[in-house]
Amino acid sequence: MSVETAVHDPTDRIGFVPTDTDARSRESTTLLVRPDHFGVSYRINPYMRPEAGADAARAREQWDDLRGVYNDLPARTTVLDPDEAVAGARDRCPAVQGPTQLPDMVFCANHGLALPDERGVVLSRMATSERADEVDYFAAWCEDQDYTVHTVESGPFEGTGDAIWHPGRRLLWGGYGIRTSRAVYDELADLLGVPVLGLELVDKRYYHLDVCFAPLDQSTVLVEPAAFTDASRERIEGCFDRVIEAGPGESESGLACNCHPIDGEHVVMGAGNPETAARVADAGFEVHEVPTDEFQKAGGSVRCLTLSLG
Ligand code: ARG
C-alpha cells in the first residue's frame, strides 16, 4: 500500500496504520556528548532553576554510568568531545561560542535527526538563542564523521527531541507547538520522503515529544497523556496496539517517558520511576535503570542525553 508522503495533522482522517509504511533499517549508533560543561545557568523549561544549579561531579558520574549501561546492550556508542567539536566549528564559523557557554550541549537528542536509511542527519534549528550555537559544533562533528548534513528553513526544529521515528518504519512522529514549529514537518516530509504523523503538545512540562512519548516497539508506546490534545491522544491510540501510561506523577518527577528503547527488547530509563518501570517490564521489556537526576535539573534524562544515528 502506498502511504502519502505528507504531514497528517492530528484531526486528519488517515487511511493507513504504521505497518502499512515501508520498513526502515534501525539506527545502529548511539551518540553521547561528554558532560564536561554541563550546568544549569539559565531557564528555558520549567525544570531549570539556575539559582540552584547542578552538581558537576555527580553529573559526570551519572553520565559515566549511563555510558557503561550501553556496553552490555546491543547498541554501539560513539562519544563527542565538546571542546574538540567546538574547535572544529570555530574553523568554519569564528563567532561560535566556547563550550563553557553551552551548558546544555550534553543533550544531543536536540542536535538533529538521522536520515531513515543512510548515513546522514538533518540539523536542528534551536528555538532558543541560548542553545543556538550547539548546532554548529554538531555540524562540524558530522562532517568529520562523513555524515551528509541537511538543514531546514521553515522554523525552529529541535531534532529527535520532537521528531521520533516509528520503530523499524519510514514513518516519522512529529511533535510541535512548544519548541518545534508545525511548518517544519512539511519540509521534512519532502526532504525525507516519508509520511509524518503530527502530534500537538500543549503542556509546558512536556516541552519536547521525547519527554511524553516513547515508542518501545512497532506496536507498543509509553506516553504521558496530559501532554497532548485530545486529537493527538486519539491518533496515538489508533496507531499502537498497546499504549502504556507512565506511572502517576512520574513523567514530571522523574521524566519517566524520556527513556531509550534500544531494539524492541531493552529500555534504558532514568532511575526513580518504579511504577513506569514495572509497567514497561510487565509488557515484556527489559528495563535498565540508571540515575539521571542531576541532568533532570536541566529538564533532560536518558533519551535527551542520546542521539540515534545510522
Ligand atoms: N535544558 C534543555 C532544554 O531545555 C534540556 C533538553 C532536553 N532534551 C530533550 N530532548 N528533551 O532545551
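What this report covers is the structure whose coordinates are included nearby.

What counts and what doesn't
- Residues numbered from 1 in each chain as written.
- Predicted model: local features only at pLDDT ≥ 70, side-chain atom pairs only at ≥ 80, totals over all residues.
- Heavy atoms only, no water.
- Salt bridge = Lys/Arg side-chain N within 4 Å of Asp/Glu carboxyl O.
- Buried < 20%, exposed > 50% of the residue type's maximum accessible area, 1.4 Å probe, protein only.
- Helix = DSSP H or I, 4+ residues; strand = E, 2+ residues; numbered from the N terminus.
- Contact = heavy atoms within 4.5 Å.
- Polar contact = N/O pair within 3.5 Å; in protein donor to acceptor, adjacent residues only side chain to side chain.
- Pairing = 2+ DSSP bridges.
- Right-handed = clockwise from strand over helix to strand, strands pointing away.
- Near = heavy atom within 4 Å.
- Areas by Shrake-Rupley, 256 points an atom, 1.4 Å probe, with all protein chains shown as cover.
- Phe/Tyr/Trp six-rings, centres within 6.5 Å; stacked < 30°, edge-to-face > 60°.
- Axes fitted to C-alpha atoms, helices over the stretch in contact; angles between N-to-C directions.

## Some details on the pattern of salt bridges
Here comes step 1: Counted under the stated rule, the structure contains 17 salt bridges.
Here comes step 2: Measuring nitrogen to oxygen at the nearest pair gives 3.4 Å for the salt bridge that ties Arg 49 to Glu 51.
Here comes step 3: Here Asp 186 makes a salt bridge to Arg 182, at a shortest N to O gap of 3.2 Å.
Here comes step 4: Among the residues examined, Arg 182 registers a relative accessible area of 24% and is labelled partly exposed.
Here comes step 5: By sharing partners, the salt bridges in this structure join Arg 34, Asp 36, Arg 60 and Asp 64 into a single network.

## A look at the environment of Arg 279
Here comes step 1: When you line up the elements, Arg 279 lands in helix H7 (residues 274-282).
Here comes step 2: For Arg 279, a relative accessible area of 28% gives the class partly exposed.
Here comes step 3: In sequence terms Arg 279 and Ala 246 are 33 residues apart; their C-alpha atoms lie 7.9 Å from each other.
Here comes step 4: Among all residues touching Arg 279, those that are not within four sequence positions of it are Ile 244, Glu 245, Ala 246, Gly 247 and Pro 248.
Here comes step 5: Among the polar contacts made by the side chain of Arg 279, one reaches the main-chain carbonyl oxygen of Glu 245 at a distance of 2.9 Å.

## Considerations on the pairing of strand E2 (residues 29-33)
Regular strands have side chains that alternate between both faces of the sheet.
Here comes step 1: Most of E2 is tucked away, with five of its five residues classed as buried.
Here comes step 2: On E2, burial covers both faces: Thr 29, Leu 31 and Val 33 on one face and Thr 30 and Leu 32 on the other are all buried.
Here comes step 3: Pairing of E2 with strand E3 (residues 76-80) involves five bridges; the strand directions are parallel. In the sheet register, Leu 31 faces E3, and the bridge partner there is Thr 78.
Here comes step 4: Of the crossover connections in this fold, the one passing from E2 over helix H1 (residues 56-71) to the parallel E3 is right-handed.

## What about the environment of Ala 75?
Here comes step 1: Secondary-structure assignment places Ala 75 in the loop between H1 and E3.
Here comes step 2: It is 7.0 Å that separates the C-alpha atoms of Ala 75 and Ile 262, two residues lying 187 residues apart in sequence.

## Some thoughts on the site of the ligand
Here comes step 1: If you check the shell around the ligand, you find 17 residues, and the closest are Arg 131, His 208, Asp 210, Ala 298 and Cys 304.
Here comes step 2: Between a nitrogen atom of the ligand and a side-chain N or O atom of Asn 110, the distance comes to 2.9 Å.
Here comes step 3: A distance of 2.7 Å separates an oxygen atom of the ligand from a polar side-chain atom of Arg 131.
Here comes step 4: Here the ligand loses 100% of its free accessible area of 350 Å² to cover by the protein chains.

## Notes on the packing of aromatic side chains
Here comes step 1: A full pass over the atoms with the stated rule returns nine aromatic pairs.
Here comes step 2: Between Trp 141 and Tyr 147, the ring centres sit 6.0 Å apart and the planes meet at 25°, which makes this aromatic pair stacked. Taken as a pair, Trp 141 and Tyr 147 share a single burial class, namely buried.
Here comes step 3: Three or more aromatic residues joined by ring pairs form one cluster here, namely Phe 38, Phe 107 and Phe 295.

## Focus on the sheet that holds strand E15 (residues 286-290)
Here comes step 1: The strand order E13-E14-E15 describes an open sheet built from three strands, whose pairing is mixed. The open sheet has two edge strands with one neighbour each: strand E13 (260-261) and E15.
Here comes step 2: Bridge count between strand E14 (residues 266-270) and E15: five bridges; the pairing is parallel. Opposite Val 268, over in E15, you have His 288 as the bridge partner.
Here comes step 3: Against the sheet, H1 makes contact with E13, E14 and E15, and its axis sits at roughly 160° relative to E15, the strand it touches most.

## With respect to unusual backbone geometry
Here comes step 1: Not every positive phi belongs to a glycine, and Asp 146 is a case in point at roughly 65°.
Here comes step 2: With phi around 45°, Leu 255 is a residue other than glycine that occupies positive phi space.
Here comes step 3: Its place among the elements puts Leu 255 in the loop between helix H6 (250-253) and E13.
Here comes step 4: A relative accessible area of 1% means that Leu 255 is categorised as buried.

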